[in-house]
Amino acid sequence: MNPDDRFRPRGDDELRQLDVPAMLRYGLAFAGPHRSALFGEGAIAAALAADRLGVLPRSLAFLAEVVRGGGARYAADLAEPLPGPEPARLARDWLGSAATTVTTVDGDQLLARWLDAVAEILGLRRDVRAGGGG
């Protein structure tokens with residue numbers, strides 16, 4: 001990979017190919033470029049995946065509150081962390097991956113902030129599609 005590729009804009013199709021669970025493991029464990037990638041391209045990729053499954057931004061925001069209150073492991077063990085079988089599976093993939101790394105309240109708070117970021121991106125994309133982007 002060319003080092004300048006880090007600064008190249010990526011389209012939705014390319015972002016959908018990112019391994020969000022791996023980005024969670026590394027981005028939650030390591031500050032710096034891993035964390036930046038998680039909160040940047042990783043959050044966009046997660047929003048794209050959630051949007052494809054019809055997840056509502058408020059559902060992700062609620063999940064962030066569950067993580068704040070109970071932690072990553074608690075949220076990962078929920079039968080339906082997001083409404084519906086496919087969204088629940090997606091959320092369990094993210095939360096299960098995060099739970100392998102997150103061992104502190106600060107880590108739970110960081111994961112909750114990431115979920116909030118995903119919810120915001122998802123909401124912005126929906127607003128723009130609906131013509132209410134400004």
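Read on for an overview of the structure. What you see is a predicted model, and the numbers here were worked out from it, not measured in a lab.

### Some words on the packing of helix α2 (residues 20-29) against helix α3 (residues 33-52)
A pair of packed helices can be characterised by two numbers: the angle between their axes and the separation between those axes. Their axes nearest at 8 Å, the elements α2 and α3 cross at an angle of 150°. As judged from the angle between their axes, α2 and α3 are roughly antiparallel. Relative to α3, the crossing made by α2 is left-handed. Within the contact between the two elements, α2 uses Val20, Met23, Leu24, Tyr26, Gly27, Leu28 and Ala29 and α3 uses His34, Arg35, Ala37, Leu38, Glu41, Gly42, Ala45 and Ala46.

### Remarks on the pattern of salt bridges
Under the counting rule described, the total for this entry stands at six salt bridges. With a shortest N-O distance of 2.9 Å, Arg68 and Glu65 are connected by a salt bridge. With a gap of three residues between them, Arg68 and Glu65 both fall in helix α4 (residues 57-70), about one helical turn apart. Glu65 sits in the partly exposed class, given a relative accessible area of 46%. Its salt-bridge partner being Asp77, residue Arg73 comes within 3.1 Å of it at the nearest N-O pair. Overall, Asp77 belongs to the exposed group, its relative accessible area being 54%. Overlapping salt bridges, with partners in common, bring together Asp51, Arg126 and Arg129 in one network.

### Looking at the packing of aromatic side chains
Applying the stated criterion to the full structure yields two aromatic pairs. For the pair Tyr26 and Phe30, a centre-to-centre distance of 6.2 Å together with 25° between the ring planes defines the contact as stacked.

### Description of the nonpolar core
Among the nonpolar cores identified, the biggest contains 36 residues, and Leu60, Trp94, Leu95, Leu111, Trp114 and Leu115 are the most heavily contacted of them. For this core, the secondary structure elements donating two or more residues are α2, α3, α4, α5 (72-76), α6 (85-99) and α7 (105-130). At eight residues, the largest contribution of residues to this core is made by α7. Look past the residues within four positions of Trp114 in its chain and what remains in contact with it is Val20, Leu24, Leu38, Phe39, Gly42, Ala43, Ala46 and Trp94.

### Examining α6
Since the α-helix advances by 3.6 residues per turn, residues separated by three or four positions end up pointing in the same direction. End to end, α6 covers 20 Å across 15 residues, agreeing with the expected 21 Å (1.5 Å per residue, within 8%). The complete set of buried residues in α6 reads Pro87, Ala88, Leu90, Ala91, Trp94, Leu95, Ser97, Ala98 and Ala99.

### Quick notes on α2
Those residues of α2 lying buried are Val20, Ala22, Met23, Leu24, Gly27 and Leu28. On its buried face, α2 is in contact with α3, α6 and α7. Structurally, the start of α2 carries an N-cap: the backbone nitrogen of Ala22 is 3.2 Å from a side-chain oxygen of Asp19.

### Quick look at the side chain of Asp51
For Asp51, the location among the structural elements is in helix α3. Non-local contacts of Asp51, meaning those with residues more than four positions away in its chain, are made with Leu122, Arg126 and Arg129.

### Points about the packing of α4 against α7
Where α4 contacts α7, the two axes come as close as 8 Å, and the packing angle between them is 175°. One way to sum up the angle between α4 and α7 is to call them roughly antiparallel. Two secondary-structure elements touch here, α4 through Pro57, Leu60, Ala61, Leu63, Ala64, Val67 and Arg68 and α7 through Asp108, Gln109, Leu111, Ala112, Arg113, Leu115, Asp116, Val118, Ala119, Leu122, Gly123 and Arg126. A breakdown of the residues in the contact of α4 with α7 according to their chemical character gives 12 nonpolar, two polar and five charged.

The rules behind each value
Residues numbered from 1 in each chain as written. Predicted model: local features only at pLDDT ≥ 70, side-chain atom pairs only at ≥ 80, totals over all residues. Heavy atoms only, no water. Axes fitted to C-alpha atoms, helices over the stretch in contact; angles between N-to-C directions. Helix = DSSP H or I, 4+ residues; strand = E, 2+ residues; numbered from the N terminus. Parallel < 35°, antiparallel > 145°, perpendicular 65-115°, else oblique. Left-handed = near helix turned anticlockwise from the far one by under 90°. Contact = heavy atoms within 4.5 Å. Salt bridge = Lys/Arg side-chain N within 4 Å of Asp/Glu carboxyl O. Buried < 20%, exposed > 50% of the residue type's maximum accessible area, 1.4 Å probe, protein only. Phe/Tyr/Trp six-rings, centres within 6.5 Å; stacked < 30°, edge-to-face > 60°. Core = buried A, V, L, I, M, F, W, Y, C linked by side-chain atoms within 4.5 Å. Expected span 1.5 Å × (residues − 1). Polar contact = N/O pair within 3.5 Å; in protein donor to acceptor, adjacent residues only side chain to side chain. Nonpolar A, V, L, I, M, F, W, Y, C, P; charged D, E, K, R; others polar.

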